[in-house]
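Architecture at a glance
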Amino acid sequence: MISRWKVILLVFLEVAALLSALVFSNPTWYYEQPRVVGLVAAGAVGHASAGDATQAASSRGPPAQGGVTHAVPTSHVPAGDATQAASSRAPPAQGGVTYAVPASHAPAGDATRAASSRGPPAQGGAALAAPWLRTAPVPSAILIDRHLHKNGGSTFRHILLANERAGVCQYWGYWQTEEGWLKISRELDRALLGGAGPLPAKLPWLCIEAHSSATTSNFMSFVVPYVVRLRQALALRSVPTRVLLVTRVREPFAFYLSFYKWKVAGLQRAPNGAKVYGVGFLGWTPPNLQAWSMLNGNIDSIASSVRSSARAHAAQFGQRQMAVLERKLAHFDIVTPLEYFDEHLLMVADAIGLPHIGYQSVSPPQMGIPKTERLSDAQVCPNMTACRERVRQVAPWDFRLYEKARADFAAKLGSQDADFQRRLELFRDSRHAAAAREREQMPCCTRTGKCHNKRTGEWLLRPPSCVPGWSRLQELVIDDRGGTCCYGSLKPALNHTPAGR
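The structure reproduced in this document is the subject of the present report. Keep in mind that what you see is a predicted model, and the values were worked out from it rather than measured.

Calculation rules
Residues numbered from 1 in each chain as written. Predicted model: local features only at pLDDT ≥ 70, side-chain atom pairs only at ≥ 80, totals over all residues. Heavy atoms only, no water. Helix = DSSP H or I, 4+ residues; strand = E, 2+ residues; numbered from the N terminus. Buried < 20%, exposed > 50% of the residue type's maximum accessible area, 1.4 Å probe, protein only. Polar contact = N/O pair within 3.5 Å; in protein donor to acceptor, adjacent residues only side chain to side chain. Contact = heavy atoms within 4.5 Å. Pairing = 2+ DSSP bridges. Axes fitted to C-alpha atoms, helices over the stretch in contact; angles between N-to-C directions. Core = buried A, V, L, I, M, F, W, Y, C linked by side-chain atoms within 4.5 Å. Phe/Tyr/Trp six-rings, centres within 6.5 Å; stacked < 30°, edge-to-face > 60°. Lys NZ or Arg CZ within 6 Å of the ring centre and 35° of its normal. Salt bridge = Lys/Arg side-chain N within 4 Å of Asp/Glu carboxyl O.

1. Focus: the environment of glutamate 339
Residue placement: glutamate 339 occurs in the loop between β5 (334–337) and α12 (341–352). With a relative accessible area of 6%, glutamate 339 lands in the buried category. Each C-alpha atom, one on glutamate 339 and one on asparagine 151, is 9.5 Å from the other, the two residues being 188 residues apart in sequence. A distance of 2.5 Å separates a polar atom in the side chain of glutamate 339 from a polar atom in the side chain of tyrosine 402. Reaching out from glutamate 339, the side chain makes a polar contact with the side chain of arginine 406 at a distance of 2.4 Å.

2. Topic: the environment of valine 391
Residue placement: valine 391 occurs in helix α14 (residues 384–394). According to the relative accessible area criterion, valine 391 is buried, its value standing at 0%. Linking valine 391 and tyrosine 256, residues 135 residues apart in sequence, is a C-alpha distance of 7.6 Å. When residues no more than four places from it in sequence are discounted, the contact partners of valine 391 are Pro252, Phe253, Tyr256, Phe281 and Phe399.

3. Describing the sheet that holds β5
In space, the 5 strands of this open sheet follow the order β2-β3-β1-β4-β5, with parallel pairing throughout. Sheet topology places β2 (170–172) and β5 at the edges, where each strand pairs with a single neighbour. For this sheet, the mean inter-axis angle between neighbouring strands, taken without regard to orientation, is 15°. The sheet contact formed by strand β4 (residues 241–249) and β5 spans 4 bridges and is parallel.

4. Some words on the nonpolar core
In this structure, Ile144, Phe219, Met220, Phe281, Trp284, Leu289 and Leu325 are the most contacted members of the largest nonpolar core, which totals 73 residues. At 10 residues, helix α5 (residues 219–237) tops the list of elements feeding residues into this core. The residues touching leucine 289, leaving out its near neighbours within four places in the chain, are Phe255, Tyr256, Phe259, Trp284, Ile299, Ile302, Ala303 and Asp398. Among the nonpolar cores identified, the runner-up in size contains 41 residues, and Ala351, Phe420, Phe427 and Ala434 belong to it.

5. Describing the pairing of strand β1 (residues 140–147)
Counting buried positions along β1 gives 8 out of 8 residues, so the element sits mostly inside the fold. Relative to β4, β1 runs parallel, the two sharing 7 bridges. Bridge pairing in β4 places serine 140 opposite threonine 241. Of the strand pairs in this sheet, β1 and strand β3 (residues 205–211) are connected by 7 bridges, and their pairing is parallel.

6. Regarding the packing of aromatic side chains
Applying the stated criterion across every chain yields a total of 15 aromatic pairs. Here the aromatic rings of phenylalanine 253 and phenylalanine 281 are separated by 6.3 Å at their centres, their planes lie at 85°, and the arrangement is edge-to-face. Remark: phenylalanine 281 occurs in the loop between α7 (273–277) and α8 (289–296) and phenylalanine 253 occurs in helix α6 (residues 252–269); sequence separation between them is 28 residues. The class for phenylalanine 253 is buried, based on a relative accessible area of 4%. What makes phenylalanine 281 buried here is its relative accessible area of 2%. Within the aromatic cluster, the residues linked to one another by ring pairs are Phe253, Tyr256, Phe259, Tyr260, Trp262, Phe281 and Trp284. Here arginine 248 stacks its cationic end above the ring of phenylalanine 156, 4.7 Å away from the centre of that ring. The aromatic ring of phenylalanine 399 is capped on one face by arginine 392, whose charged end is 3.6 Å from the ring centroid.

7. With respect to the pattern of salt bridges
This model, assessed by the stated rule, comprises 23 salt bridges. Salt-bridge contacts for aspartate 342 lead to arginine 428; the nearest nitrogen and oxygen are separated by 3.2 Å. With aspartate 342 in helix α12 and arginine 428 in helix α16 (residues 418–440), this residue pair connects regions lying 86 residues apart in the sequence. Overall, arginine 428 belongs to the buried group, its relative accessible area being 6%. The partner of aspartate 350 in a salt bridge is arginine 423, with the nearest N and O atoms 2.9 Å apart. Here aspartate 350 is found in helix α12, whereas its partner arginine 423 is found in helix α16, with 73 residues between them in sequence. The exposure class assigned to aspartate 350 is buried, which follows from its relative accessible area of 1%. Residue arginine 423 is classed as buried on the basis of its relative accessible area of 2%.

Structural measurements only, silent on function.
So this is what it looks like as structure tokens:
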């Protein structure tokens, strides 16, 4: 006999599904969900290219408004910058909780890592992959990175892919389609929240790169409300899946300059390029580029052609739209100014136990620019003062976004315990070597390629059994990745059960 509480839960899930369908039918409807008690909200969002992350980190100043300056080794700051350490730390915030995880829950491959790279034991007894880590991988996690262009996203993608190769998670990116989100959200609900049945034997561990492209323009209108609902439902059923939502923002002038050099300068050199994309940096600058794109996605609709109709809408971005954006961002666990990229990674690792965070910065080529030529800031803006003033004029809400994120992150950083600084310095000193070592020791799958022909339905390859999650979830992710998956392991292949858990 079905209990009253189970009936209530089933009704709740049906209503939520109807609301999700309504959002998909009208992606511009930005309804609000109640905030989840006990989750740490940081406050703003953004994204950057590989290479930009370390450049920004090396040039950062002290946090604004928060009054907290985090200690940085002198080798990582420009000459003349003062390095200060916070004299006292509050207890860790809820976003930095250490999860006790039995060693049996560690992802496949942890046991084979070199002993020399291990850190101290985590709570629960599982050995850690590096001395800057304090949290073993949680039993199940859904990590969602909102990737806005030019905010460290290419570097972060390489980190996610490294964890997929190690068998920690299944990667889902570079974008997601609306159809993909709908199918996968329904599958997660079915398997994790579908009543009195047992949970899947292999719980999900997803590393999601939600790129700010046309295919993910529904991110704030559908994905964020879905995350809020999923968190509540998982807690109600005591499912051990942690959902972590993160992003980064960038100082507005640096954001505009980086985007222009990466994409627009080359377009302006093409035939009729000046007519379509404007003349030079000053002739291009769209309004509120970072804030508008964070809320609406599809950054190219306002960042490319100066004649785009979307630019008129972006120019009307004001207090009402900013209030909606800030309410959405309040549901993010970690929102980090790009210059604190290393701190960002360590906080992610602390929250869910993501073990492989070593990196070497990735710098995408400048589109339309010969490889032998690399545009400098001085070439783009001979009059740097005029360029800065132009961005200040056209992007007031970008500055609001960045300043709030910086102030909120200063408070979040100040709440870390004293050991965070020690681990941060260890990570900075070793992150390049760690990335190289991790590439040599990936035990789960060795390459990424075409696994499924969606047109014919033929499965060419299957992910190895060390990839987390049940087969149907894996298949849906693979299909939304264009049929690609991580494969190439000596371990046995996944047993396919189309409708199974």
